[in-house]
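# Tertiary structure, described
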There are 2 protein chains.
Amino acid sequence: MKHVITISREFGSGGREIGSRLAKRLNIPFYDKEIISLASENSNLSEDFIENHDEMIVQLKNKPYTPFSAIYEIPMSDQVFLEQSRIIRKLAAKEPCVIVGRCADRVLEDSINLFIYARMNKRIERLLTMESEVDSDKMESRIREIDRKRKDYYQYYTGSTWGRAQNYDLCLDSGKIGIKATVDIILSYLEALDS
Amino acid sequence: MKHVITISREFGSGGREIGSRLAKRLNIPFYDKEIISLASENSNLSEDFIENHDEMIVQLKNKPYTPFSAIYEIPMSDQVFLEQSRIIRKLAAKEPCVIVGRCADRVLEDSINLFIYARMNKRIERLLTMESEVDSDKMESRIREIDRKRKDYYQYYTGSTWGRAQNYDLCLDSGKIGIKATVDIILSYLEALDS
């Protein structure tokens with residue numbers, strides 16, 4: 001049951017909570033935003049700066065790409081991605097753990113990769129009980145925007161499609177069965193892997 | 001545990017066998033090629049003809065699409081798809097069952113939809129033990145061709161992407177844990193649905 005597990009997740013699907021509970025059940029560390037602080041400690045980039053570039057591509061405006069700029073001035077989003085990838089590889093090499101987001105499924109080679117998603121109505125419902133937003137239309141726009149950013153980010157850095165089932169070992173709609181049962185199914189899968 | 005369950009599957013992933021075992025464990029009917037005979041019984045199309053158009057788009061050559069031809073001469077692939085869809089809806093309305101392929105996940109509205117896949121090396125390995133082909137390169141070409149046909153067919157008739165995780169309730173790589181464990185995980189998922 002001791003694997004490095006990565007979780008990719010649609011916004012509002014509960015992927016983070018599922019990862020956190022899974023890590024607790026397996027008694028292994030859990031990393032999500034923690035990767036930001038670690039990446040900041042290990043580089044000249046500030047925590048705020050990394051947070052603002054976290055899982056999104058920030059295009060440099062009025063800065064055409066040239067071989068010269070590629071060598072001397074790696075775009076900031078790329079610097080954040082590379083630093084986070086170094087941290088992810090270091091954490092995974094150290095011990096079994098659960099890592100959320102940041103293309104960890106593609107950064108690592110032998111991880112067990114999960115994709116968690118849910119229907120839009122279930123995600124709106126879940127987030128409205130958790131966040132200050134009360135308007136479900138606005139919440140839907142926000143969900144779509146964050147998902148689009150995650151999808152673009154994954155496409156840009158991995159060249160593959162976010163949410164393509166074959167990129168993962170197990171993909172689950174958490175909306176119909178809920179967080180607890182989703183964790184249980186993942187644990188059954190891990191057990192089957194080891195038997 | 002009594003649901004209509006659809007299974008989409010990569011060629012060689014064992015999706016058919018998983019569906020068949022699942023149906024046995026749930027004591028409900030299983031439909032795969034059986035849909036061909038049923039579609040033939042219910043239409044003027046022969047069993048051979050339907051088999052040759054099964055899960056693939058056969059383009060009409062030298063027959064440009066016109067509104068006139070659309071009304072009086074529905075392309076043959078479309079006739080087969082429509083007849084199979086009618087059968088699928090009829091079977092699903094009658095009783096819980098397992099239906100493999102033929103875009104059943106999109107033809108039906110309240111089915112539980114599974115996608116089964118596996119890494120290429122696992123699929124080649126599996127098929128070489130089952131089929132007369134002994135050359136693994138040729139087997140790989142055949143797998144890629146059949147998958148491409150299934151993908152195109154799904155895209156053409158549903159407008160959506162075959163293997164996009166969010167189209168299904170549960171997606172599983174059967175290669176790492178094997179057929180039996182995959183069936184067990186699906187049964188756990190169905191149990192969670194009902195509890």
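Refer to the structure presented above.
All residue numbers refer to positions counted from 1 along the written sequence of the respective chain. Numbering of ligands from 1 and lettering of chains from A proceed in the order in which they are written. Note on the predicted model: pLDDT of at least 70 is required for a residue's local features to be given, and 80 or more for side-chain atom pairs to be given and counted; whole-chain, interface and lining totals, by contrast, use all residues. The basis for every side-chain value is the complete set of non-hydrogen atoms in the structure, without hydrogens or water.

### Brief notes about the interface of chain A and chain B
A common way to express how large an interface is: the accessible area buried when the components associate. Should any heavy atoms of two residues lie within 4.5 Å, those residues are counted as being in contact. At the junction of the two partners, chain A supplies 24 residues and chain B supplies 24 residues. Joining two parts hides part of their accessible area as seen by a 1.4 Å probe, and the buried area is that hidden amount summed over both. Three residues, Gln166, Lys176 and Ile185 of chain A, lead the burial of chain A against chain B; their summed loss comes to 26% of the area buried on that side. Each reported salt bridge corresponds to a side-chain nitrogen of Lys or Arg within 4 Å of a carboxyl oxygen of Asp or Glu. Scanning the region where chain A abuts chain B turns up two salt bridges. Measuring nitrogen to oxygen at the nearest pair gives 2.7 Å for the salt bridge that ties Asp169 of chain B to Lys176 of chain A. For this analysis, a polar contact is any N or O atom pair within 3.5 Å, provided that within protein one partner can donate a hydrogen and the other can accept it, and provided that sequence-adjacent residues contribute only side-chain to side-chain pairs. Applying the counting criterion to the chain A and chain B interface returns 13 residue pairs in polar contact (both at pLDDT 80 or more).

### Thoughts on the relation of the copies chain A and chain B
Placing chain A over chain B gives an RMSD of 0.0 Å and needs a rotation angle of 180°, together with 0.0 Å of translation along the axis. The transformation just described matches what one would write down for a two-fold rotation axis. Most of the interface of chain A is mirrored in chain B: 100% of its interface residues are interface residues there too. Copies overlap after least-squares fitting; the atoms used are the C-alpha atoms of residues with pLDDT of at least 70 in both.

### Looking at the nonpolar core
By nonpolar core we mean a set of buried residues, namely Ala, Val, Leu, Ile, Met, Phe, Trp, Tyr and Cys, connected to one another through side-chain atoms within 4.5 Å. For each residue, the accessible area found with a 1.4 Å probe, counting protein chains only, is set against the maximum for its type, and the residue is called buried under 20%, exposed over 50%, and partly exposed in between. Residues Ile99 and Cys171 of chain A together with Ile99 and Cys171 of chain B are the most contacted members of the largest nonpolar core, which totals 56 residues. Ignoring any residue separated from it by four or fewer positions in sequence, one finds Ile99 of chain B in contact with Val4, Ile5, Thr6, Ile7, Tyr31, Ile35, Ile88, Ala104 and Leu108 of chain B. Formed by 52 residues, the second largest nonpolar core is a distinct cluster that contains Ile116 and Ile185 of chain A together with Ile18 and Ala192 of chain B.

### Digging into the environment of Leu108 of chain B
Residues and elements named next belong to chain B. Here a helix means four or more residues in a row that DSSP labels H or I, a strand means two or more in a row labelled E, and each is numbered from the N terminus. Mapped onto the fold, Leu108 is located in the loop between helix 6 (104-107) and strand 4 (112-117). Residue class for Leu108 comes out buried when judged on its relative accessible area of 10%. In sequence terms Leu108 and Ser195 are 87 residues apart; their C-alpha atoms lie 23 Å from each other. Apart from the residues lying within four places of it in its own chain, the contact partners of Leu108 are Val4, Thr6, Ile88, Arg89, Ala92 and Ile99.

### Thoughts on the side chain of Arg9 of chain A
All names here are of chain A. Of note, Arg9 is situated in strand 1 (residues 4-9). With relative accessibility at 8%, the residue Arg9 sits in the buried group. Beyond its immediate chain neighbours, meaning those up to four positions away, Arg9 contacts Gly15, Asp32, Glu55, Val100, Gly101, Phe115, Ile116, Arg150 and Trp162.

### Focus: the pattern of salt bridges
Two side chains with opposite charge may pair up if their charged atoms get near one another. Throughout the structure, instances matching the rule amount to 26 salt bridges over all chains. Put simply, Glu145 of chain A and Lys149 of chain A hold a salt bridge, and the shortest N to O gap is 3.2 Å. Of this pair, Glu145 of chain A and Lys149 of chain A both sit in helix 8 (residues 136-158), separated by four residues, roughly a single helical turn. Asp32 of chain B serves as the salt-bridge partner of Arg16 of chain B, at 2.6 Å between the closest nitrogen and oxygen. Of this pair, Arg16 of chain B sits in helix 1 (residues 15-26) while Asp32 of chain B sits in the loop between strand 2 (30-31) and helix 2 (34-41), and the two are 16 residues apart along the sequence. Classification of Arg16 of chain B as partly exposed rests on a relative accessible area of 43%.

### Overview of the pairing of strand 1 (residues 4-9) of chain B
Residue and element names in this part refer to chain B. When you tally the buried positions in strand 1, you get six out of six residues, the bulk of the element. Residues of strand 1 alternate between two faces, with Val4, Thr6 and Ser8 on one and Ile5, Ile7 and Arg9 on the opposite face, all of them buried. Between any two strands, pairing holds if DSSP finds at least two bridges. The pairing of strand 1 with strand 3 (residues 97-100) spans four bridges and is parallel. Residue Thr6 lies in a different strand from strand 3, and its bridge partner there is Ile99.

### Digging into the environment of Met76 of chain B
All names here are of chain B. Relative to the elements of secondary structure, Met76 occurs in helix 5 (residues 76-94). The class for Met76 is partly exposed, based on a relative accessible area of 33%. Sequence separation of Met76 and Gly101 is 25 residues, and the distance between their C-alpha atoms is 19 Å. Once residues within four sequence positions are removed from consideration, Met76 is found in contact with Phe49 and His53.

Bear in mind that shape data such as this cannot, by itself, settle questions of function.
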